[in-house]
Amino acid sequence: MRSHIIVGLVIGCSLLLNAGFSGHSLAASRSRKICGHVRAGQARCMVSVLTGTGGMEPYTTGSPRGYGPADWRAAYGGTGRGTTHVAIVTAYDDPALLNDVAVYARAFGLALPRLCTSPQQGACIEQLSQHGTPNVPTPNSSWSVETSLDTETIYGLCPGCHISILEASSPAITSLTMAVDAAVASGATIVSNSYGGPEFAVETDFDAHYSRPGVTMVVSSGDNGYGTSYPAASPAVLAVGGTSLQFNRGRVASESAWAGTGSGCSQYEPKPLWQNDSGCKRRTIADLAADADPLTGAAIYASYGSSGRGWLTLGGTSLAAPLVSGLLANSGRAGTSPGRLYAQTSVLRDITDGANGGCRSYLCRSVNGYDGPTGMGVPSGW
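First things first, this report covers the structure right here in the doc. (Residues numbered from 1 in each chain as written. Predicted model: local features only at pLDDT ≥ 70, side-chain atom pairs only at ≥ 80, totals over all residues. Heavy atoms only, no water.)

Some thoughts on the pairing of strand E7 (residues 190-193)
Then comes step 1: Side chains of E7 alternate between two faces, with Ile-190 and Ser-192 and Val-191 and Asn-193 buried alike.
Then comes step 2: For strand E4 (residues 85-91) and E7, the ladder comprises four bridges, and the chain directions are parallel. Paired with Val-86 across the two strands is Ile-190, which belongs to E7.
Then comes step 3: As paired elements, E7 and strand E9 (residues 216-220) share four bridges and run parallel to each other. Along E9, the bridge assignment pairs Ser-192 with Val-218. (Buried < 20%, exposed > 50% of the residue type's maximum accessible area, 1.4 Å probe, protein only. Helix = DSSP H or I, 4+ residues; strand = E, 2+ residues; numbered from the N terminus. Pairing = 2+ DSSP bridges.)

Focus: unusual backbone geometry
Trans is the common state for peptide bonds, and a negative phi is the common state for residues other than glycine.
Then comes step 1: Along the chain, Tyr-230 connects to Pro-231 via a cis peptide bond; the corresponding omega equals 15 degrees.
Then comes step 2: Relative to the helices and strands, Pro-231 is located in the loop between E9 and strand E10 (238-248).
Then comes step 3: Residue Ala-286 is bonded to the preceding Ile-285 through a cis peptide linkage, with omega at 20 degrees.
Then comes step 4: Structurally, the position occupied by Ala-286 is in the loop between strand E13 (282-285) and strand E14 (288-291).
Then comes step 5: Although it is not a glycine, Tyr-92 adopts a positive phi angle of roughly 65 degrees.

Here we look at the packing of aromatic side chains
Then comes step 1: Applying the stated rule across the entire model yields 12 aromatic pairs.
Then comes step 2: Here the aromatic rings of Phe-200 and Phe-206 are separated by 6.0 Å at their centres, their planes lie at 65 degrees, and the arrangement is edge-to-face. Phe-206 carries the same exposure label as Phe-200, and that label is buried.
Then comes step 3: Among the aromatic residues, those joined into a ring-pair cluster are Tyr-104, Phe-108, Tyr-301 and Trp-311. (Phe/Tyr/Trp six-rings, centres within 6.5 Å; stacked < 30°, edge-to-face > 60°.)

What to know about the layout of surface pockets
The gaps left among the atoms become clear once a water-sized probe is rolled over them.
Then comes step 1: Put simply, the second largest pocket is a space of about 210 Å³.
Then comes step 2: Surrounding the second largest pocket, 16 residues form its lining, Gly-197, Pro-198, Asn-224, Thr-228 and Ser-229 being those nearest its centre.
Then comes step 3: Of the residues contributing to the lining of the second largest pocket, the split by class is four nonpolar, 10 polar and two charged. (1 Å grid on protein atoms, 1.4 Å probe; cavity = no way out; pocket = protein on both sides within 12 Å on 5 of 7 lines; lining within 4 Å. Points joined across faces, edges and corners; volume = space filled by probe spheres on them. Nonpolar A, V, L, I, M, F, W, Y, C, P; charged D, E, K, R; others polar.)

Some details on helix H2 (residues 97-107)
The α-helix advances 3.6 residues per turn, and as a result positions three or four apart in sequence lie on the same side.
Then comes step 1: Buried residues dominate H2, accounting for eight of its 11 residues.
Then comes step 2: Every buried residue of H2 is listed here: Leu-97, Leu-98, Asp-100, Val-101, Ala-102, Tyr-104, Ala-105 and Ala-107.
Then comes step 3: Elements in contact with the buried residues of H2: helix H1 (69-76), strand E5 (124-129), helix H3 (141-157), strand E6 (162-168), strand E15 (298-302) and strand E16 (310-315).
Then comes step 4: Of the residues one or two after H2, Gly-109 is the one with positive phi, at around 70 degrees. (Contact = heavy atoms within 4.5 Å.)

Things to note about the sheet that holds E16
Then comes step 1: Across the sheet, which stays open at both edges, the four strands sit in the order E1-E3-E16-E15 with antiparallel pairing between neighbours. Of all strands in the sheet, those bounded by a partner on one side alone are strand E1 (30-33) and E15. This sheet shows a mean twist of 45 degrees between the axes of neighbouring strands, independent of strand direction.
Then comes step 2: In this sheet, E16 lies alongside strand E3 (residues 48-51) in antiparallel orientation, the contact comprising two bridges. Bridging from a neighbouring strand, Ser-48 pairs with Gly-315 of E16.
Then comes step 3: Of the strands in this sheet, E15 and E16 touch H3, which is tilted by about 125 degrees from E15. (Axes fitted to C-alpha atoms, helices over the stretch in contact; angles between N-to-C directions.)

Focus on the state of the cysteines
Then comes step 1: Considering all chains together, one arrives at five disulfides under this definition.
Then comes step 2: Across the disulfide, Cys-35 is cross-linked to Cys-45 (sulfur-sulfur distance 1.9 Å). Across the disulfide from Cys-35 to Cys-45, rotation about the S-S bond amounts to roughly 100 degrees, and the bridge is consequently right-handed. With Cys-35 in the loop between E1 and strand E2 (44-45) and Cys-45 in strand E2, this residue pair connects regions lying 10 residues apart in the sequence.
Then comes step 3: Overall, the relative accessible area of 0% leaves Cys-45 in the buried class.
Then comes step 4: Two residues, Cys-158 and Cys-161, share a disulfide whose sulfurs are 2.0 Å apart. On the sign convention where negative means left-handed, the S-S torsion of about 65 degrees between Cys-158 and Cys-161 marks this disulfide as right-handed. For the residue pair Cys-158 and Cys-161, the accessibility class agrees, reading buried in each case.
Then comes step 5: Across the chain, the way the bonded cysteines pair up, counted in sequence order, is 1-2, 3-4, 5-6, 7-8, 9-10. (Disulfide = S-S within 2.5 Å.)

In structure tokens form, the structure reads like this:
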């Protein structure tokens, strides 16, 4: 168990509730993936970090630069009053997580995080192993950035939620699915999974871990552009694609498919009954989307490891997945199945611009109605 417990409330208001993107040229910015390539049966984190002009070093600042909770609510809805138990599945430990979330909370005027002391407690954070025990695995500087992104995004949208972080001992699908099982056993009704790897011939053997009645499994669709990944291809999950989100005077000015988002037709997974697109005989990815472009990314504080220390601007579908998870948790939509989402498209805003590949079909281009990069659309009024 962590020796430090962070309690209390922030006094006063933050001056950085809408940090925006001033002070740095987006046109000259680049981004790079935090986690490298993996082989079949393994997964990598789906997070990209904004880098400095012409370089590959993370662009760090002394204060938030990027979108925060107020921006997500302006784009997608939410009140910040939810009390759902939501779990995050990740790999390795982030030993600085609680302190980093506290820095994030202060910057955005949120109550400081508390360490969970019981399974029934609300408004708290806990870090557990893939077995659901306090014996967390070894740290990893790349995956720790992923864990900070997931946790701070969900905490910002739902500070009253019970947030369990299940840390797998490796990025192997066998370890990650053990963490998924522990997340469900912990009582979480939403499980956020910001990872994925190449599809593989026996992936259907793992689908049962992601198919849990009454539990919503949220998964990143991928960050390599047009192409599929697992577990996003599992028919049981909400596969979340990515968009580029632009504001003008506090309102959404435009939102289009992000060029890096994953989409396509699964190689192995059967087509679920609730999908009726005609260009794919198997499972089509994605189901819905949210902001993922690093150039319009989230302000996240991370202090552990060599992948960036301080305030970072992060994107990737590793941002889109916890955005959807946090919005679901805040809105009381825990337990939402993919089929239910497809039957309630009124809660989504259609995205009709942008592409993530050179194909000429809806599988890699946003069109009216369903398409691969953004699914049925982005959350609206959640």
